[in-house]
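Chain and residue survey
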Amino acid sequence: MKDNKPTPLVLSASKLGISKKSVNSKALTILNALHEANYEAYLVGGCVRDLLLNVDPKDFDIATNAHPEQIKAVLPSTRIIGKRFRLAHVHFGREYYEVATFRAPHDNSDRGQVGKEGRILHDNVFGTIEEDAIRRDFAINALFYNIHTDEILDFAGGMEDLEKRQLRMIGDPEARYREDPVRMLRAMRFSAKLGLSIEPQSEKPIRELAPLLNNIAPARLFDEALKMFHSGKAGSVLELLREYNLFESLFPSTEKALQGDDSGHFLSLINGALKNTDKRINDGMSVTPAFLFAVMLWLPMKKGEAAYRELSYPDPQGMQLAANDVLSEQVKHTAVPRRFSNVTREIWLLQSRFSQKNCRRARLFVENRRFRAAFDFLCLQAIAEQNAALQADADWWEEFQVASEERQVEMSQAIPHVKKKRRRNKRRKSKGSE
Ligand code: ATP
Ligand code: MG
């Protein structure tokens, strides 16, 4: 790119309806400090794209020609992180903003290095703004906003793509997906979240290259899976991932179970859960990855449990073993941290408690810190399976958890098997005392 610099299209930001006012004050502090020290500093990537699309940006990323040490000299709260490619994190207490020095593209063979399948091995070279623009993934992610000149710089046709509402990979799509297969997942996320189509040339290689995701570190795939399924558009994400054969690299046992599930109940369960998750996110409520994994791996776990039952393993040991099997297989694809997978396991194991309606035990269960998640799971299952017994359980617990103490006793006594069990316990006790 040295001899053949792309000239950017320069547009007036205010004419496009964006101004400093839409930018977070801490990001402004950083941009102003770098500008005053005579460095170039731009907002870049997702925040510029989102501002132009009238979407609230998730974060404000900054790109500059200042090197990390120079950034630190201007903004002393900077921490320099990363070995291969040093990045500056400018801290405001616990919160921080990423400030990246312009980076050269990887395909510059005398500087970056590319592995056998085209995957980037080293990515550690500073570059010019032009180089920084074209090493980015999609053209709409390569827009730079200079708040001091009120300019948007477009090096790759991102503005035209925004008008067409399309995602287009910069450069040769196949080579760019090979360099970093996660870009295929990013295409799904942006397409679902922003309602963009994927331009035909950028779309074409995806199905065939999908298996390259199997070479990506499971920890990175876990992060990407969360970004996708907690994007507020998880339902569309699932459809797209399955359509492009990408889902099976992330959740292989789920895909297999979906294909073998003629009843369609499992897909209904997943879709119901994703709809809830989307609603919670769009209402600003919290969500936990544990629930996502409890849903995605439910049928594979139930199948495993049934197999253990065939081998005469007693309950709940069969479920415990099946849960271990399914989760330890899943972490090979998306590295679910234990703090989440332990909760996933709890949500599953607690399902058997919903049929136990002894008053004292039921009260204890309602107090359990996982009750809410386990109960939400039960409700989704009842709807997905259109299962009257599960629905009756769900209705009972819905009432019980908010009922008065008298009503709780009444509700518990109205359950025939609870009465029977009480009689049985009494008999057992009197036998024991004989
Ligand atoms: P959001 O923050 O809303 O998830 P984003 O586009 O800002 O979307 P980030 O992961 O924050 O995504 O990345 C910031 C920018 O860095 C992107 O807009 C893009 O320009 C560049 N980028 C991120 N990941 C890649 C990648 N895998 N390949 C090339 N460029 C990337
Ligand atoms: Mg971002």
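Residues numbered from 1 in each chain as written. Chains lettered and ligands numbered in written order. Predicted model: local features only at pLDDT ≥ 70, side-chain atom pairs only at ≥ 80, totals over all residues. Heavy atoms only, no water.

1. Here's the deal with the packing of aromatic side chains
- Under the defined criterion, the tally for this structure stands at 25 aromatic pairs.
- Taken together, a centroid distance of 5.7 Å and an interplanar angle of 10 degrees make the contact between phenylalanine 371 and phenylalanine 375 stacked. You can see phenylalanine 371 and its partner phenylalanine 375 sitting in helix H20 (residues 371–385), 4 residues apart, about one turn around the helix.
- For phenylalanine 375, a relative accessible area of 1% translates into the label buried.
- One aromatic cluster in this structure is built from Phe354, Phe365, Phe371, Phe375, Trp396, Trp397 and Phe400. (Phe/Tyr/Trp six-rings, centres within 6.5 Å; stacked < 30°, edge-to-face > 60°. Helix = DSSP H or I, 4+ residues; strand = E, 2+ residues; numbered from the N terminus. Buried < 20%, exposed > 50% of the residue type's maximum accessible area, 1.4 Å probe, protein only.)

2. Considerations on the side chain of aspartate 154
- Position of aspartate 154 relative to the elements: it lies in strand S10 (residues 151–154).
- Arginine 168 provides the closest opposite charge to the buried, unpaired aspartate 154, separated from it by 6.8 Å.
- Within the local environment of aspartate 154, its side chain forms a polar contact with the backbone nitrogen of alanine 156, the two atoms lying 3.2 Å apart.
- Side-chain polar atoms of aspartate 154 contact the backbone nitrogen of glycine 158, separated by 2.9 Å.
- If sequence neighbours within four positions are ignored, aspartate 154 has contacts with Pro8, Leu9, Leu143, Met159 and Glu160. (Lys, Arg positive; Asp, Glu negative; His and termini not counted. Salt bridge = Lys/Arg side-chain N within 4 Å of Asp/Glu carboxyl O. Polar contact = N/O pair within 3.5 Å; in protein donor to acceptor, adjacent residues only side chain to side chain. Contact = heavy atoms within 4.5 Å.)

3. Notes on the domain arrangement of the chain
- Assigned domains of the chain: these are domain 1 (1–164) and domain 2 (170–250).
- The distance between the C-alpha centroids of domain 1 and domain 2 comes to 22 Å.
- In this assembly, 22 residues from domain 1 lie in contact with 17 residues from domain 2.
- With both sides pooled, the region where domain 1 packs onto domain 2 buries about 1600 Å², and carbon together with sulfur makes up 56% of that total.
- The tally of links between domain 1 and domain 2 comes to 1 salt bridge. (Domains from an automatic or database assignment. Buried area = accessible area lost by both parts, 1.4 Å probe.)

4. Structural notes on the site of ligand 1
- Around ligand 1 lies a shell of 16 residues, among which Arg49, Lys58, Asp180, Arg183 and Arg189 are the nearest.
- Here arginine 183 contributes a side-chain N or O atom positioned 2.8 Å from a nitrogen atom of ligand 1.
- In this structure, arginine 189 approaches ligand 1 through a side-chain N or O atom, which is 2.7 Å from an oxygen atom.
- Against a free-state accessible area of 580 Å², the protein chains account for coverage of 85% of ligand 1.
- Residues of the shell around ligand 1, tallied by class, amount to 1 nonpolar, 3 polar and 12 charged.
- Lining the shell around ligand 1 are residues from two domains, each supplying at least three of them: domain 1 (1–164) and domain 2 (170–250). (Near = heavy atom within 4 Å. Areas by Shrake-Rupley, 256 points an atom, 1.4 Å probe, with all protein chains shown as cover. Nonpolar A, V, L, I, M, F, W, Y, C, P; charged D, E, K, R; others polar.)

5. Some words on the nonpolar core
- Counting residues in hydrophobic clusters, the biggest one holds 100 residues, and the most contacted among them are Leu43, Phe229, Leu241, Leu246 and Trp348.
- A per-element tally of this core places helix H7 (residues 182–194) first, with 8 residues.
- Counting residues domain by domain, this core receives three or more from each of domain 1 (1–164) and domain 2 (170–250).
- Among all residues touching leucine 246, those that are not within four sequence positions of it are Met184, Leu185, Met188, Ile206, Ala210, Leu213 and Leu241.
- Within the second largest apolar cluster, 18 residues are counted, among which are Phe354, Phe375, Phe400 and Ile415. (Core = buried A, V, L, I, M, F, W, Y, C linked by side-chain atoms within 4.5 Å.)

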